[in-house]
Amino acid sequence: MKRIFSLFLLLTFAVVMKAQQAAMPTIIVFPADSWMNDHGFMKTFNNQGETEYIPKYNEAFVNTREMGSVIQSVQKVFEERKFEHEDLQSILKDMKRERAEELANAADGYEAEKNAMDELMQQARPDIRVDVDYAVQMVGPRKNISYTIKAVDAYTYEQVSSVEGTISMTMDPTDLALRKAVAGNCDDLCDRIIEYYKDLRDNGRKIVVVFRSAPSAGINFIKDEIGDDGDTYDEFLYSWVKKHAVNRACKIGRKTADTVEFKAVRIPFFDENGEPIEAEEWAKGVRKAFKAETGFKVSKGQGNRLGRVNFLVE
């Protein structure tokens, strides 16, 4: 009996510990795109007439040691407040060892670099991305530092909260000055992040699901019907997604003959074993349902990200 009771206590403790670990969001701290661009660490591409930017994080850390110290300082503030965290520099090093050198200076073109960035986030799987931007103005031996700390949903890039300020006439090293300033001014930021994360846990994580048709499929999502009930392909997909989303939370995005998009789809945060459910895992259900109803082959499309799932109907 004592052995059974001890086992029960051990299992209870494990469940409680797991719940406590999940009670705080996982963050990852990045240098903001604006900082990367201002310091020459952005690579530009012409994507069908639109200029797109790919940040070169490895190069930034190698050539600007101050940024690495700043990232660590800001990360430490969140760590002291019991946030889980992933370390950007460590992930970059791991990925480079795994022959993902395109994160530093890709030679394989635009798509390879975009895929590498998506791979980084897939490997880290944070809940919240924290972007750090700052500028230093020297005034003799002293300096003025303006800064902005922005928290966004790592899955949807929806802004959660931000804090900004100016440190005047300091003689502290930049990383120390920022750590002091952020530590003294981020209570509201942290509270908003925790509140947002609690909403995700209670009401489901937000993702985007997109269906596209290949020219060879010869289908029209908004005109072609499934079976005898008169539902068009887009209506069938919307009904399935809405039915299986948490609290039926789902919005229709783009809807054309060859593309149907569902935004702000709330999916369960955990499965029955208490493990986080990823976007691709959840979206397999709608892929299988559409394939079963139509007979079309449905494959994983290009551009999948942490919170975005693309399917191609062929």
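Below, the structure is looked at part by part. Computed from a predicted model, the values in this text were never measured in an experiment.

1. Describing empty space enclosed by the protein
Logical step 1: Across all of its chains, the model carries one cavity of 30 Å³ or more by this definition.
Logical step 2: Looking at the largest cavity, its volume works out to about 40 Å³.
Logical step 3: Lining the largest cavity are D118, M121, A154, Y155, Y157, R305, L306 and G307.
Logical step 4: Its residues placed into classes, the lining of the largest cavity shows five nonpolar, one polar and two charged.

2. Here we look at the environment of I91
Logical step 1: Within the secondary structure layout, I91 lies in helix α5 (residues 88–97).
Logical step 2: A residue is classified by how much of its surface remains accessible, and I91, at 6% relative accessible area, is buried.
Logical step 3: Taking the C-alpha atoms as reference points, I91 and Q123, 32 residues apart in sequence, are found 7.8 Å from one another.
Logical step 4: Apart from residues lying up to four places away in sequence, I91 is in contact with I28, E86, L120, Q123 and A124.

3. Side note on the packing of helix α10 (residues 233–244) against helix α11 (residues 279–294)
Packed helix pairs are characterised by how far apart their axes lie and by the angle those axes make with each other.
Logical step 1: At a minimum axis distance of 10 Å, the contact between α10 and α11 shows a crossing angle of 145°. Crossing hand, α10 versus α11: right-handed. Counted together, Y233, F236, L237, W240, V241 and H244 of α10 and W282, G285, V286, A289, F290, E293 and T294 of α11 form the full contact between these two elements.

4. Observations concerning the environment of E281
Logical step 1: In this fold, E281 is placed in helix α11.
Logical step 2: Note on E281: relative accessible area 45%, which makes it partly exposed.

5. Quick notes on the state of the cysteines
Logical step 1: For the structure on display, the rule yields zero disulfides.
Logical step 2: Note on C186: no disulfide assigned, nearest cysteine sulfur contributed by C190 at a separation of 3.7 Å.
Logical step 3: When its relative accessible area of 0% is taken as the criterion, C186 is described as buried.
Logical step 4: Classification of C190 as buried rests on a relative accessible area of 3%.

6. Re the sheet that holds strand β12 (residues 259–267)
Logical step 1: Taken in spatial order, the five strands line up as β11-β12-β8-β14-β13 in an open sheet, and their pairing is mixed. With one partner strand each, in any of the chains shown, β11 (251–255) and β13 (298–300) form the two edges of the open sheet. Between one strand and the next, the sheet's axes are offset by a mean angle of 25°, whatever the strand orientation.
Logical step 2: Judged from the three bridges that link them, β13 and strand β14 (residues 308–313) form a sheet pairing that is antiparallel. Looking at β14, one finds that V298 is bridged to V313.

7. Re the packing of aromatic side chains
Logical step 1: Under the definition given, this model contains 14 aromatic pairs.
Logical step 2: Both rings, one in F236 and one in F290, keep their centres 6.5 Å apart while their planes meet at 50°; by these two values the pair is tilted. One end of the pair, F236, is in helix α10; the other, F290, is in helix α11, and 54 residues separate them in sequence. Note on accessibility: F236 and F290 belong to one class, buried.
Logical step 3: An aromatic cluster of at least three residues, connected via ring pairs, comprises F211, F221, Y233, F236, F290, F296 and F311.
Logical step 4: Over the ring of Y155 we find R205; its NZ or CZ atom is 4.0 Å from the centre of that ring.

Thresholds applied
All residue numbers refer to positions counted from 1 along the written sequence of the respective chain. pLDDT decides what is reported in this predicted model: residues at 70 or higher carry local features, side-chain atom pairs at 80 or more are listed and counted, and totals for whole chains, interfaces and linings draw on all residues regardless. Each side-chain value is worked out from all heavy atoms of the structure, with water and hydrogens disregarded. Here a cavity denotes a set of grid points, spaced 1 Å apart and computed over the protein atoms alone, in which a 1.4 Å probe fits but from which it cannot get out, and a pocket denotes an open set meeting protein on both sides within 12 Å along at least five of seven lines; residues with an atom within 4 Å of a point are reported as lining. Grid points are joined across faces, edges and corners, and a volume is the space filled by probe spheres set on the points. In this classification, the charged set is Asp, Glu, Lys and Arg, the nonpolar set is Ala, Val, Leu, Ile, Met, Phe, Trp, Tyr, Cys and Pro, and all remaining amino acids, among them Gly, are polar. A run of DSSP states H or I qualifies as a helix once it reaches four residues; a run of E qualifies as a strand once it reaches two. Both are numbered from the N-terminal end. Burial here depends on accessible area, computed with a 1.4 Å probe over protein chains only, as a share of the maximum for the residue type. Under 20% is buried, over 50% is exposed, and the range in between is partly exposed. Contacts were defined at the residue level, with two residues in contact if any of their heavy atoms lie within 4.5 Å. What counts as an axis is a line fitted to C-alpha atoms, over the stretch in contact for a helix, and the angles between N-to-C directions run from 0 to 180 degrees. Here is the rule for handedness: rotate from the far helix to the near one, and if that takes an anticlockwise turn smaller than a right angle the crossing is left-handed, while a clockwise turn gives right-handed. For this text, the term disulfide refers to a pair of cysteine sulfurs within 2.5 Å. A pair of strands counts as paired when DSSP detects no fewer than two bridges linking them. Pairing of aromatic rings covers Phe, Tyr and Trp, the last counted by its six-membered ring, and requires centre-to-centre distances within 6.5 Å; plane angles under 30 degrees mean stacked, over 60 mean edge-to-face, and any other angle means tilted. Two conditions define a charge located above a ring, namely a distance within 6 Å from the ring centre to NZ of Lys or CZ of Arg, and an angle within 35 degrees of the ring normal.

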